[in-house]
Amino acid sequence: MAVDQTPHPLRPLTEEELVIARDLVVKQSNGEGVVLFFRSIYIDEPKRDDLIQFLAAEHAGEKPAITIPRQVTVLFDLVKDGVPTLTETIVDVEAGEIRRTKSFAPYCQTSYTLAEFGMFQEACVNSDMFKEAMEEFDLPEHMSVTIDPWPYGGLDPEEDLSRTLQGLVFARDSTKNNQDSNHYSYPIPIIPVMDVATKKIVRVDRLATGGSGESLYPRSKGDKPKKLFEHAKPAEYVPELLDIQQRADLKPINVTQPEGASFKVHSDNLIEWQKWRFRIGFTPREGAVLHDVCYENRPIIYRLSFSEMTVPYGDPRPPFHRKQAFDFGDGGIGRAANNLKLGCDCLGAIHYLSSVVTDSAGKPEMANNVVCLHEQDNGIGWKHTNFRTDRAVVTRLREFVIQFVVTLANYEYIFAYKLDTAGGISVETRATGIVSVVAIDEGKTSGYGNVVSPGVLAQNHQHIFAVRIDPTIDSYEKGDTSVVLEETHPIPMNPETNPFGNGYEIRRTVVEKAMYTDAEPRFNRAVKMENANKKNPISGKNVAYKFIPPPTQLMLADEKSTQAARAPYAKHHLWFTGHRDEELWAAGEFTNQSKKEEGGVRDAVERGDWFVDEPSSTSEKGRKSTPVVWNVFGLTHNPRVEDWPVMPVEIHQFHIRPADFFTRNPAIDMPTGKNESSVLLSGNDSSCCNNKKDADSGSVQENAVAHLQGTATDIDPKDLGSKTNGGDKEKEKRLSVGLSRIFPWKREKEGSAKS
């Protein structure tokens with residue numbers, strides 16, 4: 001394929017472009033009494049129709065006929081006379097011009113920044129209201145106080161607040177003289193609330209600490225301070241503070257690639273690996289995003305991203321009904337991305353990607369090593385043993401991993417896309433870190449969580465993710481990609497079609513318009529993203545990719561609750577919506593302090609877009625569009641003691657696999673060579689993998705009957721009904737050889753007779 005030198009529209013943002021965009025915004029907004037507080041600056045992705053034209057030309061090796069402007073989004077607070085207005089400006093950095101600016105209503109609260117979180121502890125220290133609340137407790141002398149800022153959560157129906165933060169308060173054992181000493185084992189039962197604009201603590205909520213069957217509300221203030229942590233135990237995890245020795249008998253496992261990595265990373269974030277070709281973007285809200293995912297230059301997915309995650313807590317005691325984070329919309333996954341360390345977060349031959357971000361003054365900062373790229377072995381890819389010859393052929397499943405890790409206060413999340421050598425795409429989330437805890441009276445238990453340490457209650461909660469898939473199955477043309485729900489059903493027993501009752505059938509339902517549905521494991525419900533106009537030459541079916549949605553538990557909050565109103569996406573496993581540029585968020589653009597979803601998948605379904613030429617019904621607000629698929633899954637986390645002090649990773653995946661996209665196993669050409677780095681610890685060595693000579697080395701069990709493989713040799717058709725010269729003797733000899741392979745006793749008997 002010819003290489004065009006036109007700069008790619010999806011290339012990463014540079015520091016110079018960020019500065020240009022920032023300076024133009026400052027120039028436009030300059031005025032007396034005006035202050036700008038920058039929240040994020042990132043690439044304004046091209047419109048889909050425009051970018052599709054560019055991509056089609058790119059893959060055809062042609063110069064694109066379309067010129068796509070290089071635009072940057074600048075999100076900032078314009079503060080005039082102390083009143084902030086959230087503002088978004090789109091800047092054409094090549095033309096040096098502002099294309100459009102819009103302001104948002106006061107109730108539209110975007111994600112918090114590190115600068116805002118940094119205000120919180122100082123506000124508490126300066127607050128007489130907070131100090132008065134702390135006087136209600138008697139802490140051991142060696143304890144210091146630390147506070148985790150948290151999103152305020154959903155507003156109650158009668159609430160009308162400006163931008164607000166709340167904080168969870170803990171104590172730390174200062175005698176250890178170590179800032180990494182775990183403060184989560186010492187929760188203090190108050191929550192201060194801060195007005196972000198004034199940086200003042202406006203309220204301190206007291207928390208109930210009773211056990212099962214007790215009041216939902218906190219007790220009245222006592223006559224004397226309540227003693228805390230009388231029987232509390234430390235819960236350390238950093239190595240130097242552990243009360244047990246780290247394991248000394250664990251031998252290293254080294255991931256090495258002596259000949260180097262098999263992938264290539266271009267300067268504009270184009271990645272090429274094992275017939276895969278795609279681009280990686282990185283946004284402050286989503287983290288890593290995959291663009292234009294192709295296999296052998298055949299498009300599969302236009303854009304693949306993690307869209308949202310909500311974490312609703314199931315403790316009904318006020319104010320915990322507000323405890324519901326939207327980690328993408330409230331905090332920004334990209335902003336919280338870790339700077340990954342070699343040999344720690346990703347193993348092997350690693351390539352890191354960094355991203356340019358902004359500080360609150362609009363100056364560029366480099367977020368280093370926020371995405372790691374590497375290959376990994378995931379066990380056997382495919383294998384078959386011919387028991388008639390004892391020859392085994394085996395290959396490995398190689399994966400290319402795009403991974404990023406985020407820390408959000410107590411929790412860590414590991415997000416990964418994994419492309420494999422069989423044409424598959426796996427989307428994976430891992431949850432770890434420290435469970436969110438509150439105080440409970442010592443010696444009591446609660447149905448709202450689990451006691452993981454004396455006086456420490458880990459609250460029940462859920463993590464519900466939404467992944468957005470914008471498919472382009474083997475074509476960029478409008479109307480080519482369709483979505484089908486495919487189910488497998490039993491056929492009722494009847495004399496004509498299923499006389500023995502063993503039959504089943506595949507049923508297909510075309511998704512004609514925007515809708516939602518759920519996973520259905522009873523019928524193996526699968527989502528097939530097909531090319532409606534291209535058939536597989538072998539099967540005659542539409543070329544497609546498919547996935548089976550994980551049937552994980554959905555949001556448990558009551559339909560009438562604020563939690564449910566803020567995240568209707570979390571009530572169904574699957575959503576199908578019509579594509580609209582900039583509609584990327586399952587719960588809407590503004591989740592912070594929201595009372596209900598606005599602009600999320602529910603609204604998109606209600607709009608009523610359709611995907612086929614002649615739908616069964618249409619909507620005045622809708623239009624014909626290309627389908628976007630949203631897969632929702634998650635985990636209901638009822639904490640265990642084993643989750644303390646740091647929880648082992650909980651892993652969830654789903655797999656997007658080719659379905660009649662290829663004409664055979666796309667990994668059939670994988671090398672079958674033996675891994676020479678593997679060593680024998682004990683037992684007999686046995687050859688493997690591919691060589692015909694391996695068949696004589698005892699690489700498989702000899703008794704073919706045990707493997708239901710039948711006889712060990714082929715049969716001449718003449719032996720099945722016609723005689724040839726010497727046929728009886730030859731037939732007897734072949735059957736004897738076959739039986740000796742099957743039955744060890746016969747082989748031993750023949751060996752004795754020869755001796």
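Everything below is about the structure shown above.
Note that the coordinates shown come from a computational prediction; the quantities given were computed from them, not determined experimentally.

**A word on the overall build of the protein chain**
Scanning the protein chain for helices and strands turns up 9 helices and 34 strands. Considering only C-alpha atoms, the protein chain reaches an extent of 110 × 70 × 60 Å along its principal axes. A buried classification covers 50% of the 755 residues belonging to the protein chain. Of the contacts made within the protein chain by residues no fewer than 6 positions apart, 66% connect residues no fewer than 24 positions apart. Working note: accessible area of the protein chain is about 37300 Å², and carbon and sulfur atoms make up 50% of it. Taking the 89 positively charged and 108 negatively charged side chains of the protein chain as two groups, their mean positions are separated by 5 Å.

**Topic: the sheet that holds strand β23 (residues 437-439)**
As summarised here, the arrangement of the 3 strands in space is β23-β25-β24, forming an open sheet in which the pairing is antiparallel. At either end of the open sheet lies a strand with only one pairing partner, and these are β23 and β24 (449-453). For this sheet the average axis-to-axis angle between neighbouring strands, irrespective of direction, equals 40°. Two elements, β24 and strand β25 (residues 456-459), share 4 bridges in a ladder whose sense is antiparallel. Opposite G449, over in β25, you have Q459 as the bridge partner.

**Quick look at the side chain of E487**
When you line up the elements, E487 lands in strand β27 (residues 481-490). Take E487: its relative accessible area is 14%, and that puts it in the buried class. For E487, the residues in contact, after removing those within four places along its chain, are E505, I506, R507, F523 and R525.

**Thoughts on the state of the cysteines**
Think of a disulfide as a covalent bridge from one cysteine sulfur atom to another cysteine sulfur atom. Applying the stated criterion to the full structure yields 1 disulfide. Two residues share a disulfide in this structure: C346 and C372, whose sulfurs sit 1.9 Å from each other. Handedness of the C346-C372 disulfide follows from its S-S torsion of about -75°: it is left-handed. Placement of C346 in the loop between α5 (327-331) and β18 (351-358) and of C372 in strand β19 (residues 364-386) is noted, with a sequence separation of 26 residues between them.

**Describing helix α1 (residues 15-29)**
Here α1 contains 15 residues, and its C-alpha end-to-end distance of 21 Å stays within 8% of the 21 Å for a straight helix at 1.5 Å per residue. All of the buried residues in α1 are E17, L18, A21, L24, V25 and S29. On an axial view of α1, the arc spanned by its buried residues comes to 135°, and they lie on one face. In α1, the exposed positions angled more than 90 degrees off the buried face are occupied by E16 and K27. Here the buried face of α1 lies against β1 (34-43), β2 (71-80), β3 (83-92), β4 (97-103), β18 and β19.

**Details of the pattern of salt bridges**
Side chains that carry opposite charge are capable of pairing whenever their charged atoms lie near each other. Enumeration according to the criterion identifies 50 salt bridges in this entry. Between E17 and R70 there is a salt bridge, and its shortest N-O distance comes to 2.8 Å. With a gap of 53 residues between them, E17 in helix α1 and R70 in the loop between α2 (48-59) and β2 connect regions that are remote in the sequence. Classification of E17 as buried rests on a relative accessible area of 11%. Among the ionic pairs, E236 bridges to K176, the shortest N-O distance being 2.7 Å. Of the two residues, E236 sits in the loop between β11 (226-227) and β12 (263-265) while K176 sits in the loop between β7 (164-173) and β8 (187-188), which places them 60 residues apart along the sequence.

**Some words on α2**
The end-to-end C-alpha distance of α2 is 16 Å, a good match for the 16 Å that 12 residues give at a rise of 1.5 Å each. Contacts from the buried residues of α2 go to β14 (276-283), β15 (287-295), β16 (298-312) and β26 (461-471). Looking one or two residues past α2, G61 carries a phi angle of roughly 75°, positive in sign.

**Notes on the packing of aromatic side chains**
Within this structure, the stated rule accounts for 26 aromatic pairs. Taken together, a centroid distance of 5.3 Å and an interplanar angle of 75° make the contact between Y186 and F229 edge-to-face. Pair noted here: Y186 is in the loop between β7 and β8 and F229 is in the loop between β11 and β12, with a separation of 43 residues, a long-range link. Y186 sits in the buried class, given a relative accessible area of 5%. Assessed through its relative accessible area of 14%, F229 is described here as buried. Here the aromatic rings of Y413 and F465 are separated by 6.3 Å at their centres, their planes lie at 80°, and the arrangement is edge-to-face.

**A short note on the environment of A337**
Summarising the element assignment, A337 is placed in the loop between α5 and β18. Judged by its relative accessible area of 14%, A337 is buried. Sequence separation between A337 and V371 is 34 residues; the distance between their C-alpha atoms is 8.4 Å. Among residues more than four places away in sequence, those in contact with A337 are F282, V370, V405 and V406.

**Some words on the nonpolar core**
Membership of the largest hydrophobic core comes to 101 residues, with the highest contact counts inside it found for I402 and Y569. Not counting the four nearest positions on each side in its chain, I402 is found in contact with F278, I280, A288, L290, V371, C372, L373, F415, A416, Y417 and L419. Counting residues in each nonpolar core, the second largest holds 28 residues, with F137, L139, L155 and M194 among its members.

**Focus: unusual backbone geometry**
Peptide bonds are trans in most cases, and residues, glycine excluded, mostly fall at negative phi. Following P318, the chain continues to P319 via a peptide bond in cis, the omega torsion being 5°. Mapped onto the secondary structure, P319 falls in the loop between β16 and β17 (324-326). The linkage connecting W644 with the following residue, P645, adopts the cis geometry, with an omega of 0°. Assignment of secondary structure puts P645 in the loop between β33 (627-637) and β34 (647-659). Phi is positive for D81, close to 55°, though the residue is something other than glycine. Here D81 lies in the loop between β2 and β3. The class of D81 is exposed, set by a relative accessible area of 65%. At K275, a residue that is not glycine, the phi angle is positive and equals roughly 75°. When you line up the elements, K275 lands in the loop between β13 (270-273) and β14.

**Remarks on the environment of W630**
With respect to the helices and strands, W630 occurs in strand β33. For the pair formed by W630 and K323, sequence separation is 307 residues and the distance between their alpha carbons is 25 Å. Not counting residues up to four positions away in its chain, the partners in contact with W630 are S307, V467, R468, H573, L574, W575, T577, E583, L584, W585, A586 and V601. One polar contact links W630 to T577, side chain to side chain, over a distance of 2.8 Å.

**Side note on the sheet that holds strand β30 (residues 526-535)**
Reading across the sheet, the 10 strands line up as β18-β19-β20-β21-β22-β34-β31-β30-β27-β28 and stay open at both edges, with antiparallel pairing between neighbours. Two strands bound the open sheet, and with one partner strand each, they are β18 and β28 (504-510). Averaged over all adjacent pairs, the angle separating strand axes in this sheet is 25°, with direction ignored. Relative to strand β20 (residues 391-408), β19 runs antiparallel, the two being bridged by 12 bridges. Within β20, the residue paired with H374 across the bridge is V401.

**Structural notes on the pairing of β7**
Taking burial as the measure, the 10 residues of β7 include 10 buried ones, the bulk of the element. As judged from the 9 bridges shared by strand β6 (residues 143-151) and β7, these two strands associate in the antiparallel manner. Note on β7: the bridge partner recorded for M143 is D173. Bridge analysis of β7 against β8 gives 2 bridges, and the strand direction is antiparallel. Note that in β8 the partner of V169 across the bridge is I188.

Basis of the calculations
- Residues numbered from 1 in each chain as written.
- Predicted model: local features only at pLDDT ≥ 70, side-chain atom pairs only at ≥ 80, totals over all residues.
- Heavy atoms only, no water.
- Helix = DSSP H or I, 4+ residues; strand = E, 2+ residues; numbered from the N terminus.
- Buried < 20%, exposed > 50% of the residue type's maximum accessible area, 1.4 Å probe, protein only.
- Contact = heavy atoms within 4.5 Å.
- Areas by Shrake-Rupley, 256 points an atom, 1.4 Å probe, with all protein chains shown as cover.
- Lys, Arg positive; Asp, Glu negative; His and termini not counted.
- Charge placed at Lys NZ, Arg CZ, Asp CG, Glu CD.
- Pairing = 2+ DSSP bridges.
- Axes fitted to C-alpha atoms, helices over the stretch in contact; angles between N-to-C directions.
- Disulfide = S-S within 2.5 Å.
- Expected span 1.5 Å × (residues − 1).
- Arc of directions from axis to C-beta.
- Salt bridge = Lys/Arg side-chain N within 4 Å of Asp/Glu carboxyl O.
- Phe/Tyr/Trp six-rings, centres within 6.5 Å; stacked < 30°, edge-to-face > 60°.
- Core = buried A, V, L, I, M, F, W, Y, C linked by side-chain atoms within 4.5 Å.
- Polar contact = N/O pair within 3.5 Å; in protein donor to acceptor, adjacent residues only side chain to side chain.

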